[in-house]
Structure formats: C-alpha cells, structure tokens
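Coordinate inspection notes
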Amino acid sequence: MPVKGMDNITASQAKARTNEKDVQFVDVRTPHEYKANHSKKFKNIPLGELPKRMNDLDKNKEVVVICQSGMRSAKAAKLLKKQGFEKVTNIKGGMNAW
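Before going into details, it helps to say that this report is about the structure given with it. (Residues numbered from 1 in each chain as written. Predicted model: local features only at pLDDT ≥ 70, side-chain atom pairs only at ≥ 80, totals over all residues. Heavy atoms only, no water.)

Here we take up the pattern of salt bridges. For the structure shown, the criterion picks out seven salt bridges. Close ionic contact of Glu20 with Arg17 constitutes a salt bridge, the shortest N to O distance being 3.0 Å. A salt bridge links Arg72 to Glu33; the shortest N-O distance between them is 2.9 Å. Placement of Arg72 in helix α4 (residues 71–82) and of Glu33 in helix α2 (residues 31–36) is noted, with a sequence separation of 39 residues between them. Relative accessible area serves as the criterion here: at 25%, Arg72 is assigned to the partly exposed category. Classification of Glu33 as partly exposed rests on a relative accessible area of 21%. Where salt bridges share partners, they join Arg17, Glu20 and Glu62 into one cluster. (Salt bridge = Lys/Arg side-chain N within 4 Å of Asp/Glu carboxyl O. Helix = DSSP H or I, 4+ residues; strand = E, 2+ residues; numbered from the N terminus. Buried < 20%, exposed > 50% of the residue type's maximum accessible area, 1.4 Å probe, protein only.)

Bringing the sheet that holds strand β4 (residues 62–66) into the picture now. Strand order in the open sheet formed by five strands is β1-β5-β4-β2-β3, and the pairing between neighbours is parallel. Where the open sheet ends on each side, the last strands, each with one partner, are β1 (6–9) and β3 (42–44). Between one strand and the next, the sheet's axes are offset by a mean angle of 30 degrees, whatever the strand orientation. With five bridges connecting them, strand β2 (residues 23–27) and β4 associate as parallel partners. Of the residues in β4, the one forming a bridge with Val26 is Val65. (Pairing = 2+ DSSP bridges. Axes fitted to C-alpha atoms, helices over the stretch in contact; angles between N-to-C directions.)

In structure tokens form, the structure reads like this:
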C-alpha cells in the first residue's frame, strides 16, 4: 500500500543519485547485514533504532531508505513520513536489486 508523499525508485535510479548533496541515504538493515554488504553513501540506522535516532536526520532534506528487499525500508519510510519528513524515497528491491 503506497504511502502519500513517499516515492519508490529502482536501485539503478538510486545509484545515479548517490552524489547529490541534499540527499540523506539510510540503510535500515541490522549492523551485521550492513557490515556484510553496503554502499558507503548509506548511514546505517537499523529499523528498530529509527524512532530513537530520527534526530540524526535533517527533516529538510530528502531521505532515501534501503534494506535487503524493500519491506523494512518501506516501513521506515512510513515512519519518517509520520514524523514530518517531507521527502522520503524507498528503494524498490533493496540491496537484492543493488
């Protein structure tokens, strides 16, 4: 079920955007998953820690979220939208598609 104001992009679209300055890239997988395979541009904030660590993110900048398959990042995106983040983008297929 799509969330109002949340965009979905493909992994290749996300890769093309990794040099943008006004975008925050967040990986919501566990530290173990993150350590095994991640993109350097992504900050690891596990989904379970996200409610406590939202202050690590700037509400005025776009947040692009990724997980392993796209399910946890969609939950994270929903959570961020509810907390007032204006522009939230989920990477479809997650690291499986990366």
